[in-house]
Amino acid sequence: SPKVDKDPTSPSLGYYRRKDRKIFINKAIKDMYQKSGKGQTSQIHKTLAHELGHWIDFETKISQALESMSHKYPDVWIPIHKELKILSHKVSPFNPEADVKYTDYRYSDVELMGTFFDAFFSEPQLARQLAPKMFGQTIIILNKNPHLKA
């Protein structure tokens, strides 16, 4: 299972580093938690869920399968990718025309998976509603990998 460390130098709220199998959380998250008196923890939970999603993706290779599917089975991949984009906008809204590089980053399969797992853990009804195909496949994948359920 992944380890969670604090990285005060990270420009983002968190990230998953595959080579170490560690989730890094920016010091700002810890400060936010301490200042809120534990009452305002949604951003902390969302960040951890997102980064945990990257770990699950790494362990199960979901985003690699999506990438492979895009070439072999576009009729399957296109609806799933569309679902993930819609969910991504709902979970963390942004203007895709404002910054091409940021949009490419947000629409990458790896980042779409992180955002999907953010919703999967934080707002499962929303994930099921907006990404039903991916939600169903995720349940199947998690059932095939019981070590991820612990």
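Predicted, not measured: the structure shown is a model, and the values here were computed from it.

What counts as what
Residues numbered from 1 in each chain as written. Predicted model: local features only at pLDDT ≥ 70, side-chain atom pairs only at ≥ 80, totals over all residues. Heavy atoms only, no water. Helix = DSSP H or I, 4+ residues; strand = E, 2+ residues; numbered from the N terminus. Contact = heavy atoms within 4.5 Å. Areas by Shrake-Rupley, 256 points an atom, 1.4 Å probe, with all protein chains shown as cover. Buried < 20%, exposed > 50% of the residue type's maximum accessible area, 1.4 Å probe, protein only. Axes fitted to C-alpha atoms, helices over the stretch in contact; angles between N-to-C directions. Parallel < 35°, antiparallel > 145°, perpendicular 65-115°, else oblique. Left-handed = near helix turned anticlockwise from the far one by under 90°. Nonpolar A, V, L, I, M, F, W, Y, C, P; charged D, E, K, R; others polar. Phe/Tyr/Trp six-rings, centres within 6.5 Å; stacked < 30°, edge-to-face > 60°. Lys NZ or Arg CZ within 6 Å of the ring centre and 35° of its normal.

### Details of the overall build of the protein chain
Assigned secondary structure in the protein chain consists of 8 helices and 3 strands. Reading the secondary structure of the protein chain in the N-to-C direction produces β-β-β-α-α-α-α-α-α-α-α. Restricting to contacts in the protein chain with at least 6 residues of sequence separation, those with at least 24 account for 52%. Here the protein chain has roughly 8,900 Å² of accessible surface; of this, 56% comes from carbon and sulfur atoms.

### Regarding the side chain of Ser 63
Along the chain, Ser 63 turns up in helix 3 (residues 62–72). Not counting residues within four places of it along the chain, the set of residues in contact with Ser 63 comprises Asp 57, Asp 109, Val 110 and Met 113.

### Some thoughts on the environment of Ile 56
Among the structural elements, Ile 56 can be located in helix 2 (residues 42–60). Of the residues examined, Ile 56 reaches a relative accessible area of 3% and is grouped as buried. Considering only alpha carbons, one finds Ile 56 and Asn 145, 89 residues apart in sequence, at a separation of 9.8 Å.

### A word on the packing of helix 3 against helix 6 (residues 109–122)
Across the interface, helix 3 lies against helix 6 with an axial gap of 9 Å and an inter-helix angle of 130°. Viewed along their axes, helix 3 and helix 6 adopt a mutual orientation that is oblique. You can see that helix 3 and helix 6 cross each other, and the crossing is right-handed. Touching Ile 62, Ser 63, Leu 66 and Glu 67 of helix 3 are Asp 109, Val 110, Met 113 and Phe 117, all from helix 6. A per-class count over the contact of helix 3 with helix 6 returns 5 nonpolar, 1 polar and 2 charged.

### Here's the deal with the packing of helix 6 against helix 8 (residues 132–144)
With their axes 12 Å apart at the nearest point, helix 6 and helix 8 run at an angle of 85° to one another. With respect to their mutual orientation, helix 6 and helix 8 come out roughly perpendicular. Mapping the contact onto sequence places Met 113, Phe 116, Phe 117 and Phe 120 in helix 6 and Met 134, Phe 135, Thr 138, Ile 139 and Leu 142 in helix 8. Taken together, the residues of the contact of helix 6 with helix 8 sort by class into 8 nonpolar, 1 polar and no charged.

### With respect to the packing of aromatic side chains
Taken as a whole and judged by the stated rule, the model has 9 aromatic pairs. Residues Phe 94 and Tyr 107 carry aromatic rings whose centres are separated by 5.8 Å and whose planes lie at 65° to one another, so their mutual orientation is edge-to-face. Here Phe 94 is found in the loop between helix 4 (74–91) and helix 5 (100–106), whereas its partner Tyr 107 is found in the loop between helix 5 and helix 6, with 13 residues between them in sequence. Residue Phe 94 is classed as buried on the basis of its relative accessible area of 15%. Measuring from centroid to centroid gives 5.3 Å for Phe 116 and Phe 117, while their planes differ by 80°, and the two rings are edge-to-face. Residue classification places Phe 117 among the buried positions, given a relative accessible area of 0%. A network of ring pairs unites the aromatic residues Phe 116, Phe 117, Phe 120, Phe 121 and Phe 135 as a single cluster. Note that Lys 61 overlies the ring of Phe 58, its terminal NZ or CZ placed 5.5 Å from the centroid.

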